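This is what each chain is made of:
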Amino acid sequence: RYCTSCCRRMAAIDLTHALDLEEAPLYYNKADYIQTASGNKVCRKSILCGSQNISLAGKSIVKPGVILRGDLQLLRIGKFVIIGDG
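What comes next is a walk through the structure. Note that the structure is a prediction, hence the values are computed from the model and not measured.

## Topic: the sheet that holds strand β1 (residues 33–35)
Read from one edge of the open sheet, four strands run β1-β2-β5-β8, paired in mixed fashion. With partners counted over all chains shown, the strands left at the sheet margins are β1 and β8 (82–83), one partner each. Relative to β8, strand β5 (residues 61–62) is paired through two bridges, and the arrangement is parallel. The partner of valine 62 across the bridge, within β8, is isoleucine 83.

So this is what it looks like as structure tokens:
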């Protein structure tokens, strides 16, 4: 095959998995999380300081070991956000 813009020979590349952005589902223990009315899931092993200043927009996940400091600054977390290690 040839590239139309520069007429150089291109090698055939297998792209069957190149756009596969879906990861395998990650399961969690429901007893370890608190689910809010807007669909957020907050782990019981996370620490929220100044929770009156922490706003989770919806469908977000706060994983174990996370420390959110609302006592220092107003925190606004958007929708579909995962906060965790790694």
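## Considering the layout of surface pockets
Here the largest pocket is characterised by a volume of approximately 440 Å³. Looking at the largest pocket, it is lined by 15 residues, and the ones nearest its centre are Leu26, Tyr28, Ile61, Lys63 and Ile82.

## Some words on the nonpolar core
Grouped together as the largest cluster of nonpolar side chains are eight residues: Val42, Ile54, Leu56, Val62, Val66, Leu68, Ile77 and Ile83. Contact partners of leucine 56, with chain neighbours within four places excluded, come to Ser38, Asn40, Val42, Val62 and Ile77.

## Digging into the environment of glycine 70
Examined against the element boundaries, glycine 70 turns out to sit in the loop between β6 (67–69) and β7 (75–77). Taking C-alpha positions, glycine 70 is 4.9 Å from asparagine 53, a pair spaced 17 residues apart along the chain. In this structure glycine 70 touches Cys49, Gly50, Asn53, Ile54 and Leu75, once residues within four positions along its chain are discounted.

## Here we look at the packing of aromatic side chains
For any pair of aromatic rings, the description rests on two quantities: the centre-to-centre distance and the angle between the ring planes. For the coordinates displayed, the defined rule picks out one aromatic pair. On the basis of an interplanar angle of 70 degrees and a centroid distance of 5.0 Å, the ring pair of tyrosine 28 and tyrosine 33 is categorised as edge-to-face. For tyrosine 28, a relative accessible area of 37% translates into the label partly exposed. By relative accessible area, which is 15% here, tyrosine 33 ends up buried.

Quick notes on the rules
- Residues numbered from 1 in each chain as written.
- Predicted model: local features only at pLDDT ≥ 70, side-chain atom pairs only at ≥ 80, totals over all residues.
- Heavy atoms only, no water.
- Pairing = 2+ DSSP bridges.
- Helix = DSSP H or I, 4+ residues; strand = E, 2+ residues; numbered from the N terminus.
- 1 Å grid on protein atoms, 1.4 Å probe; cavity = no way out; pocket = protein on both sides within 12 Å on 5 of 7 lines; lining within 4 Å.
- Points joined across faces, edges and corners; volume = space filled by probe spheres on them.
- Core = buried A, V, L, I, M, F, W, Y, C linked by side-chain atoms within 4.5 Å.
- Buried < 20%, exposed > 50% of the residue type's maximum accessible area, 1.4 Å probe, protein only.
- Contact = heavy atoms within 4.5 Å.
- Phe/Tyr/Trp six-rings, centres within 6.5 Å; stacked < 30°, edge-to-face > 60°.

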